[in-house]
Amino acid sequence: SIEEVEDKPEDLVSRAPIVTVMGHVDHGKTSLLDYIREENVIAGESGGITQHIGAYGVQLDNGQKIAFLDTPGHEAFTAMRARGAQVTDIAIIVAAADDDIMPQTKEAISHAQAAGVPIVFAINKIDKPDANPEKIKEGLAQMNLLVEDWGGKIQSHDISAKFGTGVKELLEKVLLEAELLELKANPDKPAVGTVVEAFLDKGRGYVSTILVQAGTLKVGDYVLAGKNSGKVKAMQDERGNDVQEAGPSTPVSILGLDGAPQAGDKFNVFEDEREAKQIASKRTQLQREQSVRTQRH
Ligand code: GDP
């Protein structure tokens, strides 16, 4: 059934942090995500990540991993939260050093705080002649957010997303923050997680990018995601490679669902295909009834 069984402490193993990048428009969220995506090449694999599937995993030189939600902006973050999905472990908030702390910087901060998600600040565009990272840090201090350079506990790093300066160190700080969170999950159970995005691909059918949060998803598993269900026919990683299994904190795109679930929908694996289908059709029916009711009022 859909209820989650509580894990025994001895079944839990460390998992990679799941990170969202937020910040004011034009402050460099996309550039940062692109830089990380393009530069990070897992040892032994040629080429960077070519696919845009809404999430990707990277591995640093020391072997540690980070999963990124590749949907910059807090719209995706709030949409997911509105659906009850708590996916993000750490928020990187990008603030351009040649600008002030802007309204969406503040919004991003409040969203992260409301979700109880620790923040690592990326003070960006330090390559620009008029960049003044200290001004940003001062602005943060005025909001009671003291970064380490200012004697506080909040991590921040000066970067240039355009040239990659400081990005490695930024990610090391993200991993330090992750260590404090002691993120763990049980990989030895049917997978549960959240839908990141889904679309209809001509030729491949419905492609859904999901983030496995606990358990391990396997090809052949029967999945229920929101109002959609189906047997996982194939799975691919962010490099377009076929994979047979995906463990905790792993983003994968899956083929085989009978429709496109919504970002933020939870997914579960069912042993009984019929049960999954029943729940999916019940959800569809409930939604139909609700929309009829709202139309009447
Ligand atoms: P977003 O709206 O937050 O996703 O911002 P973008 O990543 O699209 O960046 C907005 C603009 O700032 C683009 O023209 C980028 O090329 C530029 N930009 C981003 N990061 C840097 C940086 O570190 N240095 C410089 N000089 N420009 C940057």
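Parameters at a glance
Per-chain numbering applies: the sequence of each chain, read as written, is numbered from 1 onward. Restriction of local features to residues with pLDDT of at least 70 applies here, the model being predicted, together with a cutoff of 80 or more for giving and counting side-chain atom pairs; totals for whole chains, interfaces and linings are based on all residues. Note that water and hydrogens are dropped before the side-chain values are worked out from all heavy atoms of the structure. In this text, helices come from DSSP runs of H or I with a minimum length of four residues, and strands from runs of E with a minimum of two, each type numbered from the N-terminal end. Any pair of residues with heavy atoms lying within 4.5 Å of one another is described as a contacting pair. Areas reported here follow the Shrake-Rupley algorithm with a probe of radius 1.4 Å; residue values treat only the protein chains shown as occluding. In this analysis a 1.4 Å probe is tested at points of a 1 Å grid over the protein atoms alone, and where it fits but cannot get out there is a cavity; an open set with protein on both sides within 12 Å along at least five of seven lines is a pocket; lining residues have an atom within 4 Å of a point. Grid points are joined across faces, edges and corners, and a volume is the space filled by probe spheres set on the points. Under the scheme applied, nonpolar residues are Ala, Val, Leu, Ile, Met, Phe, Trp, Tyr, Cys and Pro; charged residues are Asp, Glu, Lys and Arg; polar residues are all the others, including Gly. The rule for a residue being near a molecule or strand is that one of its heavy atoms must lie within 4 Å of it. Under the rule applied, a polar contact is a pair of N or O atoms within 3.5 Å (in protein, one hydrogen donor and one hydrogen acceptor; residues adjacent in sequence only if both atoms are side-chain atoms). Under the scheme applied here, a residue whose accessible area is under 20% of the maximum for its type counts as buried, over 50% as exposed, and between as partly exposed, the area being computed with a 1.4 Å probe on protein chains only. Following DSSP output, two strands are said to pair if at least two bridges run between them. Two aromatic rings, drawn from Phe, Tyr or Trp (for Trp, its six-membered ring), form a pair once their centres lie within 6.5 Å of each other, and the interplanar angle then sorts them: stacked below 30 degrees, edge-to-face above 60, tilted otherwise. Starting at the helix axis, one direction is taken to each C-beta atom, and the arc is that of these directions.

Peer 1: How would you sum up the overall build of the chain? Please name residues and give values.
Peer 2: In terms of regular secondary structure, the chain is built from six helices and 18 strands. Dimensions of the chain, computed from C-alpha atoms along their principal axes, come out at roughly 60 × 55 × 45 Å. Considering only contacts in the chain between residues 6 or more positions apart, those separated by 24 or more positions represent 72%. Working note: accessible area of the chain is about 14,700 Å², and carbon and sulfur atoms make up 48% of it.

Peer 1: Explain the layout of surface pockets to me, using residue names and the numbers behind them.
Peer 2: Roughly 600 Å³ of volume is contained in the largest pocket. Around the largest pocket, the lining comprises 31 residues; the ones closest to its centre are A16, K65, I66, P248 and S249. Secondary structure elements with two or more residues in the lining of the largest pocket: β3 (55-59), β4 (65-69), α5 (167-181), β16 (245-246) and β17 (250-255). Broken down by class, the residue content of the lining of the largest pocket amounts to 14 nonpolar, seven polar and 10 charged.

Peer 1: So, the site of the ligand: which residues are in play, and what are the values?
Peer 2: Taken together, 15 residues lie near the ligand, and D26, K29, T30, S31 and D127 sit nearest. N124 places a polar side-chain atom, nitrogen or oxygen, 3.1 Å from an oxygen atom of the ligand. The backbone of A161 places a nitrogen or oxygen atom 2.9 Å from an oxygen atom of the ligand. With the chains in place, 74% of the 580 Å² that the ligand exposes on its own is no longer accessible. The element that contributes the greatest number of residues to the shell around the ligand is helix α1 (residues 29-39), accounting for three residues.

Peer 1: Give me the lowdown on unusual backbone geometry, citing residues and values where you can.
Peer 2: Backbone geometry places K125, a non-glycine residue, at a positive phi of 65°. Tracing the sequence through the fold places K125 in the loop between β6 (119-124) and α4 (133-142). With a phi angle near 70°, N144 is a residue other than glycine that sits in the positive phi range. The topology assignment puts N144 in the loop between α4 and β7 (155-158). You can call N144 exposed: its relative accessible area is 71%.

Peer 1: Just give me the short version of the pairing of strand β13 (residues 228-231), but keep the residues and values in it.
Peer 2: As paired strands, strand β12 (residues 222-225) and β13 are joined by four bridges and run antiparallel to one another. Counterpart to Y222 in the pairing with β13 is K231. In textbook terms, the turn of a hairpin is the stretch between consecutive antiparallel strands, and for β12 and β13 this stretch comprises two residues, one of which, G226, has a positive phi near 60°.

Peer 1: Describe in detail the pairing of β4, supporting the description with residues and values.
Peer 2: Along β4, four of the five residues are buried, which leaves the element largely enclosed by surrounding structure. The sheet contact formed by strand β2 (residues 18-23) and β4 spans three bridges and is parallel. Of the residues in β4, the one forming a bridge with I18 is A67. Both β3 and β4 contribute to a ladder of five bridges, which runs antiparallel.

Peer 1: Just give me the short version of the packing of aromatic side chains, but keep the residues and values in it.
Peer 2: Remark: the centre distance and the inter-plane angle together describe each pair of aromatic rings, the angle taken between the planes. In total, this model carries one aromatic pair according to the counting rule given. Aromatic side chains Y56 and F68 sit 5.5 Å apart centroid to centroid with 35° between the ring planes, which places their arrangement in the tilted category. Here F68 lies in strand β4 and Y56 lies in strand β3, a separation of 12 residues in the sequence. Here Y56 matches F68 in class, with each residue buried.

Peer 1: Pulling in residues and values, what's your account of the environment of S253?
Peer 2: Structurally, the position occupied by S253 is in strand β17. Assessed through its relative accessible area of 5%, S253 is described here as buried. Here the alpha-carbon distance between S253 and K65, two residues 188 residues apart in the chain, equals 18 Å.

Peer 1: Kindly report on α1, identifying the contributing residues and their values.
Peer 2: For α1, every residue scored as buried is listed here: K29, L32, L33, I36 and R37. Within α1, the buried residues cover an arc of 125° as seen down the axis, which keeps them to one side. Against the buried residues of α1 lie β2, β3, β4, β5 (90-96) and α5.

Peer 1: Residues and numbers for empty space enclosed by the protein, please.
Peer 2: All told, the structure shown has one cavity of 30 Å³ or more when counted by the stated rule. Forming the walls of the largest cavity are L69, F77, M80, R81, A85, Q86, V87 and T88. Sort the elements by how many residues they give to the lining of the largest cavity and helix α2 (residues 74-82) lands first, with three residues. Grouping the amino acids of the lining of the largest cavity by side-chain chemistry returns five nonpolar, two polar and one charged.

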